[in-house]
Amino acid sequence: MVKAYLRYEQASSFGVITSLESNISYDSTGKHVLAPALEKVGIWHVRQGICTKTLVPSSSRVGKSLAVTAIASSASTSVAVGYADGSIRIWDSEKGTCETTLNGHKGAVTALRYNKAGSMFASGSKDNDVILWDVVGETGLFRLRGHRDQVTDLVFLDDGKKLVTASKDKFLRVWDLETQHCMQIISGHHTEVWSVDVDPEEKYLVTGSADQELRFYAVKQNMPHVSVVSDSNANGVDASGDHLTENKWEVLIPFGEIQRQTKDRVASVRFSNSGSLLACQMAGKTIEIFQVLDETEAKRKAKRRLRRKEKKSSKEGVENGDASNETEKADTVTVTTPTVPDVFKLLQVIRAGRKISSFSFCPITPKDSLATLALSLNNNSLEFYTLKSSENEKTATIEHQGHRSDVRSVALSADNTLLMSTSHSEVKIWNPSTGSCLRTIDSGYGICSLIVPKSKYGIVGTKSGVLEIIDIGSATKVEDVEAHGGTIWSIAPIPDDTGFVTVSADHEVKFWEYQEAKQLTVSNVRSMKMNDDVLAVAISPDAKHIAVALLDSTVKVFYVDSLKFFLSLYGHKLPVMCIDISSDGALIVTGSQDKNIKIWGLDFGDCHKSIFAHDDSVMGVKFVRNTHYMFSIGKDRLVKYWDADKFELLLTLGGHHAEIWCFSVSNRGDFLVTGSHDRSMRRWDRTEEPFFLEEEKEKRLEELFESEIDNAAENRHGSEEEITEEGVAGLAKKTTVDVLSAADSIIEALELAENEKNRIAEYEEEKTRGTVPDLAPNVVMLGLSPSEFVLKTISKEKTNDLEHILLPLPFSDALKLLSYMESWSLIPEKVELVCRIATIVLQTHHNQLVTTPAARPILSVLRDILHAKVKESKDTIGYNLAAMDHLKQMMASRSDAPFRDAKAKLMEIRSQQAKRMEARLDTKTERKRKKKQKRLEDGHGHAWA
């Protein structure tokens, strides 16, 4: 009889506030911050400091390939999230649902940016490509190729008609999205360009690299001349608009540079939503904030600079005579054009306590300050700063729900209601069911821990050799006990709950007893000296044997009562990191740095089986209580579930993004909790779903086969795509296993439909000859007609995948597909789908269709039908749009909206008049100055005469 096992699945993960691989972003309301948490995105309420929603992808892929690598929020509730496997998911942040998944990139997504309307977004990746995506149509528009290294950032210009991309190849590229070509390449950076941004008015574009300066470019807009010129122009080169617009393809014109304060490379540059501030984040602990001065202020500053220059030159003129007077005249003619230092002024520097991963400006500007800034730090915390004119103030921190460094040990209480985790500097108490942090206690570097049965105390063994006693109820440290002279590597409770055993790098094994007076204390009752560092300890459930693992790769078993030697277990090539003994005391399992686990009999110390278990060191092994099933964890990020009697691997549980250091299994074996270097803790629950060993083996082989298919496809197409012309567009999609299986299902459906047609034709023929029983419906086709069945199969697929799904279709199947379209086009809601399929098939098989006489009748029928049907749909949409427009006008006439518009218009007119008046005053003062200068010159002339 085949045995069935119960499956374990990941139920939750907690402990990560923000991970390092991606940026953070405010949502459109400014009330929430979207922070990456490994494969999830947490939506944190800024004021309350709690995670209100979590965006969790449902995917068969697990672990690091699904890590969030880029986040972009639009003006609406739509949020685009890029992942390490190259996929992009569009989420509704309000509902917390995934709207669509887009596959196009072969490498991790590194940059995402929406256009102003939010109807389109661009993505850049480690595969050096940029893809433009249609949000409404949920499809890739085209791929832009040209960069020779990872795309680091991108930004839209000119109402989304142009795109500027930055890359590690040290170049900026400007793309015309209408012609889908690169129209300008900007060189000049000496190192990788890490970030690029443009101000809301699209006047200035700034780039950040590892160079010592920030580079600025003036954006040439669709006007006869540009209002700003570069530093070189301000220093004497012709500053007329004609000079700048010589090359019609030049969109970005060098404007100047600003020296940075620190030597770290630039990680990110961003303008605030109002455009009045520019923040430059370094790859260290600082963010430099620049104030962006408006045009009048910048001109005033430029004039002051010129006056100082003139005074200086006039002083020199008195000494040097006429020659300098000529240059002075030339200078006075120069138009006062602002340079970079006139427009961008360093306001302040934000210095965080830890290294900054990313930052985001709040879209809503507070009343009493310049801006609010959210920072994600590399110690798993979020900080919020309010910027004032002369200083910055930290207003909030979100750090309670996670450890500052990796989780080194986890321990469950006897009733499984509490979970204790230790880290570099603190102990945290969690509710394992909800994943919420209940208590935080400052401590030393905790390496191992346990929760004392029947009381609310915790024991922590630290790196310094100190035992810490923690009172969980009051969240305080009760006592520090100087226990060992080296790191306490492992701690094991004595089965009768009277005490515990600790082992250390000081070669000692110590037995401790609990003593409860007003509060819990411990006392050392026995010690045992070993010949080497002791790394792990386990006590048999009958308290008869104690097993200790030594640094010399052996495991020694002693009697607990007399501490006499019983067995020595040899076999591992590298030190044993973990030990456990089964509930019946029959088996002992050891896990080692040599990647093997060995199952031994505790009666004679014979090795039952040695299993190559993990691809890296085995960090933990534990039996499920009262069974011979066991779990193992490793540095290869996997949890594995084994049958120790059959020596079979039952399940592989992937999910962690870094080494797993520790885990704890519940008393009933219904769940386990793992702690990792990625700072997350994950809970794995036993489900009621049974599985069979053979099925699981087949599943693992299929996954391996699919991953090989993916790799082969990438290798096959990679070389061809590298040769493609530089700076041009390509297809936005990539072929995945899902797409191939969808194509197979359509071919199968067409075959079934053809067989059904033949069956119906035979039935009709027999019917004419005589009486026959009624035709039974086809169960495989769910009782549908051939046309309906094929349509149902195609309608299941996403419209944005259709092009790639229909590409592998043979010509004969494409003809069959076209033959069904006449009947499909009669269904109004399927007209768009029919048109799309017809277009794809015609483009793909054009040459064969033209030369095939059998295709002509079908094509001529489709030509007549489709045009009329599309026009009909177009008219319906036009009518509906007109109706909505009319409703909008009616609503506007009933509200005070026109008055609001009039008020805004009036303010605009007033500001324009004020600018004109200022310009007139400027010209008047300029004239007066020139007249005065002329008089002085005439006076000098008369004197000489």
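Residues numbered from 1 in each chain as written. Predicted model: local features only at pLDDT ≥ 70, side-chain atom pairs only at ≥ 80, totals over all residues. Heavy atoms only, no water.

1. Topic: the environment of Leu-818
For step 1, the next point in the chain: Tracing the chain through its elements places Leu-818 in helix 10 (residues 811-824).
For step 2, the next point in the chain: Put simply, Leu-818 and Val-841 are 23 residues apart on the chain and 8.1 Å apart in space, counted from C-alpha to C-alpha.
For step 3, the next point in the chain: For Leu-818, the contacting residues outside a window of four places in its chain are Val-841, Leu-849, Ile-858, Leu-859 and Leu-862. (Helix = DSSP H or I, 4+ residues; strand = E, 2+ residues; numbered from the N terminus. Contact = heavy atoms within 4.5 Å.)

2. Focus: the environment of Gln-150
For step 1, the next point in the chain: Among the structural elements, Gln-150 can be located in the loop between strand 13 (139-145) and strand 14 (151-157).
For step 2, the next point in the chain: Overall, Gln-150 belongs to the buried group, its relative accessible area being 12%.
For step 3, the next point in the chain: Residues Gln-150 and Gly-124, 26 residues apart in the sequence, show an inter-C-alpha distance of 7.8 Å.
For step 4, the next point in the chain: For Gln-150, the contacting residues outside a window of four places in its chain are Thr-110, Ser-125, Lys-126, Asn-128, Ala-166, Ser-167 and Lys-168. (Buried < 20%, exposed > 50% of the residue type's maximum accessible area, 1.4 Å probe, protein only.)

3. Focus: the nonpolar core
Generally speaking, a soluble globular protein has its nonpolar side chains buried in company with each other.
For step 1, the next point in the chain: Within the largest apolar cluster, 33 residues are counted, with the highest numbers of intra-cluster contacts made by Val-790, Ile-794, Leu-806, Leu-817, Met-821, Trp-824 and Ile-837.
For step 2, the next point in the chain: When residues of this core are traced back to their parent elements, those giving at least two are helix 7 (737-769), helix 8 (786-796), helix 9 (802-806), helix 10, helix 11 (831-844) and helix 13 (855-894).
For step 3, the next point in the chain: Listed in part, the 31 residues of the second largest apolar core include Val-407, Ile-633, Val-639 and Val-665. (Core = buried A, V, L, I, M, F, W, Y, C linked by side-chain atoms within 4.5 Å.)

4. Here we look at the sheet that holds strand 4 (residues 40-45)
For step 1, the next point in the chain: Ordered by their spatial adjacency, four strands build an open sheet running 2-3-4-5, and the pairing between neighbours is antiparallel. Among the strands making up the open sheet, the edge pair consists of strand 2 (25-26) and strand 5 (50-55).
For step 2, the next point in the chain: Where strand 2 and strand 3 (residues 32-37) come together, two bridges link them in antiparallel fashion. Directly across from Tyr-26, in strand 3, lies its bridge partner Val-33. (Pairing = 2+ DSSP bridges.)

5. Overview of the environment of Ala-11
For step 1, the next point in the chain: Structurally, Ala-11 is set in strand 1 (residues 4-14).
For step 2, the next point in the chain: Assessed through its relative accessible area of 46%, Ala-11 is described here as partly exposed.
For step 3, the next point in the chain: Taking the C-alpha atoms as reference points, Ala-11 and Asp-685, separated by 674 residues in sequence, lie 5.9 Å from one another.
For step 4, the next point in the chain: In this structure, Ala-11 is in contact with Arg-683, Trp-684 and Asp-685, ignoring residues within four places of it in sequence.

6. Section: a negative patch on the surface
For step 1, the next point in the chain: There is a patch of like negative charges on the surface, built from Glu-694, Glu-695, Glu-698, Glu-702, Glu-703, Glu-706 and Asp-738.
For step 2, the next point in the chain: The biggest single contributor to the negative patch is helix 6 (residues 693-722), with six residues.
For step 3, the next point in the chain: Assignment of secondary structure puts Glu-698 in helix 6. (Patch = residues over 30% accessible without salt bridge, like charges linked within 9 Å, V, L, I, M, F, W, Y side chains within 5 Å. Areas by Shrake-Rupley, 256 points an atom, 1.4 Å probe, with all protein chains shown as cover. Salt bridge = Lys/Arg side-chain N within 4 Å of Asp/Glu carboxyl O. Lys, Arg positive; Asp, Glu negative; His and termini not counted. Charge placed at Lys NZ, Arg CZ, Asp CG, Glu CD.)

7. Digging into a nonpolar patch on the surface
For step 1, the next point in the chain: Where nonpolar side chains cluster on the molecular surface, the patch consists of Ile-877, Leu-881 and Met-884 and spans about 320 Å² of accessible area.
For step 2, the next point in the chain: Here Ile-877 lies in helix 13.
For step 3, the next point in the chain: Taking the relative accessible area as the measure of exposure, Ile-877 reaches 51% and is therefore exposed.

8. Considering a positive patch on the surface
For step 1, the next point in the chain: Positive charge collects at one region of the surface, where Arg-916, Arg-920, Lys-924, Arg-927, Lys-928, Lys-931 and Arg-935 lie side by side.
For step 2, the next point in the chain: Tracing the sequence through the fold places Lys-924 in helix 14 (residues 897-944).

9. Observations regarding the side chain of Ser-423
For step 1, the next point in the chain: With respect to the helices, strands and loops of the structure, Ser-423 is situated in the loop between strand 31 (419-422) and strand 32 (426-431).
For step 2, the next point in the chain: Within polar-contact distance, the side chain of Ser-423 engages the backbone oxygen of Asp-406 at 3.3 Å.
For step 3, the next point in the chain: Sequence-distant contacts of Ser-423, that is, excluding residues within four places in its chain, are made with His-403, Ser-405, Asp-406, Gly-444, Tyr-445 and Gly-446. (Polar contact = N/O pair within 3.5 Å; in protein donor to acceptor, adjacent residues only side chain to side chain.)

10. Notes on the sheet that holds strand 25 (residues 344-351)
For step 1, the next point in the chain: With antiparallel pairing, four strands are arranged side by side in an open sheet as 22-23-24-25. Of all strands in the sheet, those with a lone pairing partner are strand 22 (266-271) and strand 25, marking the two edges. Across the sheet, the axes of successive neighbouring strands diverge by a mean angle of 20 degrees, strand direction being ignored.
For step 2, the next point in the chain: Pairing of strand 22 with strand 23 (residues 277-282), which is carried by five bridges, proceeds in the antiparallel orientation. In the strand pairing of strand 23, Phe-271 is matched with Leu-278. (Axes fitted to C-alpha atoms, helices over the stretch in contact; angles between N-to-C directions.)

11. Side note on helix 11
For step 1, the next point in the chain: In this model, helix 11 (14 residues) spans 20 Å end to end at C-alpha, consistent with the 20 Å of a helix rising 1.5 Å per residue.
For step 2, the next point in the chain: Restricting attention to buried positions, one finds in helix 11 the residues Val-831, Leu-833, Val-834, Cys-835, Ile-837, Ala-838, Ile-840 and Val-841.
For step 3, the next point in the chain: At its buried positions, helix 11 is contacted by helix 8, helix 9, helix 10, helix 12 (846-850) and helix 13. (Expected span 1.5 Å × (residues − 1).)

12. A closer look at the packing of helix 10 against helix 11
To describe two helices that pack against each other, one gives the angle between their axes and the distance between the axes.
For step 1, the next point in the chain: At a closest axis distance of 10 Å, the pairing of helix 10 and helix 11 adopts a crossing angle of 155 degrees. Overall, the two elements helix 10 and helix 11 adopt an arrangement that is roughly antiparallel. Like other packed secondary-structure pairs, helix 10 and helix 11 cross with a definite hand, here left-handed. Residue-level contacts link Ala-814, Leu-817, Leu-818, Met-821 and Trp-824 of helix 10 to Val-834, Ile-837, Ala-838 and Val-841 of helix 11. (Parallel < 35°, antiparallel > 145°, perpendicular 65-115°, else oblique. Left-handed = near helix turned anticlockwise from the far one by under 90°.)

13. As for the pattern of salt bridges
For step 1, the next point in the chain: Scanning all chains against the criterion turns up 31 salt bridges.
For step 2, the next point in the chain: Where Lys-477 meets Asp-480, a salt bridge forms, and the shortest distance between an N and an O atom there is 3.8 Å.
For step 3, the next point in the chain: Look at Lys-477 and you get partly exposed, because its relative accessible area is 33%.
For step 4, the next point in the chain: Residue Lys-816 is joined to Asp-813 by a salt bridge in which the shortest nitrogen-to-oxygen separation is 3.5 Å. Pair noted here: Lys-816 and Asp-813 are both in helix 10, with a separation of three residues, about one helical turn.
For step 5, the next point in the chain: For Lys-816, a relative accessible area of 25% puts it in the partly exposed group.
For step 6, the next point in the chain: Using a relative accessible area of 8% as the deciding quantity, one classes Asp-813 as buried.
For step 7, the next point in the chain: Several salt bridges converge on common partners, so that one network encompasses Arg-113, Asp-153, Asp-197 and Arg-270.

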